[in-house]
Amino acid sequence: MDVKEALKSSGIDGLEAEVLLAHALGKNREWLMAHPEEEIDQAEYEVLLERRKTNEPVAYITESQDFYGRDYFVDNRVLIPRDSTERIVDLALDLLKDREDCVRQVDLGVVGFAKVFGNVSDVHTVVDICTGSGCIAITLALETDMNIIATDISQDALDVAKRNAKTHGVEDRIDFRLGNLTEPIQHLEEPFLVVTNPPYVPDEDELMEDVKDFEPHLALFGGPTGSDLVVQIYNSLQQNNACKGCVIECRTTHLDFLA
């Protein structure tokens, strides 16, 4: 079977088929487009197709996801980075520069909530709470000269984040801390800013099968309205004199809880 036939007979979305075939062959999608008549051994490709047909996310199958133009290792220990969180990074960079409150839509029904508590110009440390794959912390380490702290309640998630930090050459720039929400930074005395994408999906939300069945529920669900952890983080930061501001990814409906 050649490349063109393999893609045509995949039985899944065309773009996903291209990604999986390229991964199976150790090539890129551009190579596939340039070699449609190339004969291939499709054994590994068929295995990947069967995994996708059970709704396993493509990113977990390939163990790869792009974020902010860089490749990240991901597996089912961490959420797959989304475009909305790239926009949270943009909002954090804007807050560090403009030092102004802001609410910015980053996806359908999802916003970035940026709040200033004090003098942001004093900030030289940024804390990524619920770091997961480490994509926020690593991006901020690469895009700024800030000191970075990354926290997560899951040691498995921190292991993935550390792997990604090493890949991108910033493992010495990030202080990884195990613990729940703001607990790992409760004694932090230097002025800091928090950037976080916490679990904010309501417990009873109907999710797509590839999310519900494969992504870690610990990193998804945030109580009956999805606001439990969002509010807990925000209230804790408000009471911390060293925290000069925060950027939180949450549902638009959660803004009513952030007063």
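One structure accompanies this document, and this report is about it. In this text the structure is predicted, and so the values were computed from the model without any measurement. (Residues numbered from 1 in each chain as written. Predicted model: local features only at pLDDT ≥ 70, side-chain atom pairs only at ≥ 80, totals over all residues. Heavy atoms only, no water.)

### What about the packing of aromatic side chains?
Line of reasoning, step 1. Applying the stated criterion across every chain, the model contains four aromatic pairs.
Line of reasoning, step 2. For the ring pair Phe117 and Tyr234, a centre distance of 5.9 Å and an interplane angle of 45 degrees mean the geometry is tilted. One end of the pair, Phe117, is in the loop between strand S4 (110-116) and strand S5 (125-129); the other, Tyr234, is in helix H10 (residues 228-238), and 117 residues separate them in sequence.
Line of reasoning, step 3. For Phe117, a relative accessible area of 28% gives the class partly exposed. (Phe/Tyr/Trp six-rings, centres within 6.5 Å; stacked < 30°, edge-to-face > 60°. Helix = DSSP H or I, 4+ residues; strand = E, 2+ residues; numbered from the N terminus. Buried < 20%, exposed > 50% of the residue type's maximum accessible area, 1.4 Å probe, protein only.)

### Re the packing of helix H6 (residues 83-98) against helix H7 (residues 135-143)
Line of reasoning, step 1. Running from N to C, H6 and H7 point in directions that differ by 40 degrees, and their axes come no closer than 10 Å. In terms of their interaxial angle, H6 and H7 are classed as oblique. Every pair of crossing elements has a handedness; the one defined by H6 and H7 is right-handed. Contacts between H6 and H7 involve Thr85, Val89 and Leu93 from the former and Ile136, Thr139, Leu140 and Glu143 from the latter.
Line of reasoning, step 2. Looking at the contact of H6 with H7, its residues break down into four nonpolar, two polar and one charged. (Axes fitted to C-alpha atoms, helices over the stretch in contact; angles between N-to-C directions. Parallel < 35°, antiparallel > 145°, perpendicular 65-115°, else oblique. Left-handed = near helix turned anticlockwise from the far one by under 90°. Contact = heavy atoms within 4.5 Å. Nonpolar A, V, L, I, M, F, W, Y, C, P; charged D, E, K, R; others polar.)

### Considering the pattern of salt bridges
Side chains that differ in charge, positive against negative, can pair when their charged atoms come close.
Line of reasoning, step 1. Applying the stated criterion to the full structure yields twelve salt bridges.
Line of reasoning, step 2. With its nearest N and O atoms 2.7 Å apart, the salt bridge here joins Arg82 to Glu215. Separated by 133 residues along the polypeptide, Arg82 in the loop between strand S2 (70-72) and H6 and Glu215 in the loop between helix H9 (209-212) and H10 bring together distant segments of the chain.
Line of reasoning, step 3. Each of Glu16, Arg52 and Asp210 takes part in one network of salt bridges that share partners. (Salt bridge = Lys/Arg side-chain N within 4 Å of Asp/Glu carboxyl O.)

### Description of unusual backbone geometry
Line of reasoning, step 1. One non-glycine residue, Glu63, lies in positive phi territory at about 55 degrees.
Line of reasoning, step 2. Inspection of the secondary structure puts Glu63 in the loop between helix H5 (58-62) and strand S1 (65-67).
Line of reasoning, step 3. Positive phi outside glycine occurs at Leu181, with the angle close to 50 degrees.
Line of reasoning, step 4. Take Leu181: it is sitting in the loop between strand S7 (174-178) and strand S8 (192-196).

### Here we look at the pairing of strand S3 (residues 102-107)
Line of reasoning, step 1. Sheet analysis places S3 next to S4, joined by five bridges and oriented antiparallel. The residue bridging Gln105 from the neighbouring strand is Val111, located in S4.
Line of reasoning, step 2. Joining the antiparallel neighbours S3 and S4 is a turn of two residues, in which Gly109 adopts a positive phi near 75 degrees. (Pairing = 2+ DSSP bridges.)

### A few points about the environment of Leu108
Line of reasoning, step 1. Mapped onto the fold, Leu108 is located in the loop between S3 and S4.
Line of reasoning, step 2. Since its relative accessible area comes to 77%, Leu108 is described here as exposed.

### A look at the nonpolar core
Considering soluble globular proteins, one finds that nonpolar side chains tend to be buried as a cluster.
Line of reasoning, step 1. Core analysis: the biggest nonpolar cluster contains 54 residues, and Ile174, Phe192 and Val195 have the highest contact counts within it.
Line of reasoning, step 2. Leaving out residues up to four positions away in the same chain, Val195 has contacts with Ile88, Ala92, Val126, Val127, Asp128, Ile129, Ile136, Leu140 and Val247.
Line of reasoning, step 3. In terms of nonpolar packing, the next biggest core, distinct from the first, is built from 17 residues, Ile12, Leu20, Ala22 and Ile61 among them. (Core = buried A, V, L, I, M, F, W, Y, C linked by side-chain atoms within 4.5 Å.)

### What to know about the side chain of Thr125
Line of reasoning, step 1. With respect to the helices, strands and loops of the structure, Thr125 is situated in strand S5.
Line of reasoning, step 2. Here Thr125 falls in the buried class, since its relative accessible area comes to 2%.
Line of reasoning, step 3. A distance of 3.0 Å separates polar atoms of two side chains, one belonging to Thr125 and the other to Glu190. (Polar contact = N/O pair within 3.5 Å; in protein donor to acceptor, adjacent residues only side chain to side chain.)

### Description of the side chain of Glu56
Line of reasoning, step 1. Along the chain, the position of Glu56 falls in the loop between helix H4 (43-53) and H5.
Line of reasoning, step 2. Judged by relative accessible area, Glu56 falls into the buried class, the value being 13%.
Line of reasoning, step 3. Once you skip the residues sitting within four places of it in the chain, Glu56 turns out to touch Arg51, Ile61 and Phe214.

### Comments concerning the sheet that holds S8
Line of reasoning, step 1. Here we have seven strands laid out as an open sheet, ordered S3-S4-S9-S8-S5-S6-S7, and mixed in their pairing. Sheet topology places S3 and S7 at the edges, where each strand pairs with a single neighbour. Shown here is a sheet whose adjacent strand axes are inclined to one another by a mean of 20 degrees, direction ignored.
Line of reasoning, step 2. Two strands pair when backbone bridges link them, and S5 and S8 are joined in this way by five bridges, in the parallel orientation. Looking across to S8, one finds that Ile129 is bridged to Thr196.
Line of reasoning, step 3. Those strands touched by H6 are S3, S4, S5, S8 and strand S9 (243-251), and its axis lies near 155 degrees from that of S9.

### A closer look at the environment of Val89
Line of reasoning, step 1. Of note, Val89 is situated in helix H6.
Line of reasoning, step 2. For the pair Val89 and Met1, spaced 88 residues apart in sequence, the C-alpha to C-alpha distance is 44 Å.
Line of reasoning, step 3. With near-sequence residues (within four places) excluded, Val89 lies in contact with Phe67, Tyr68, Ile136, Thr139 and Leu140.

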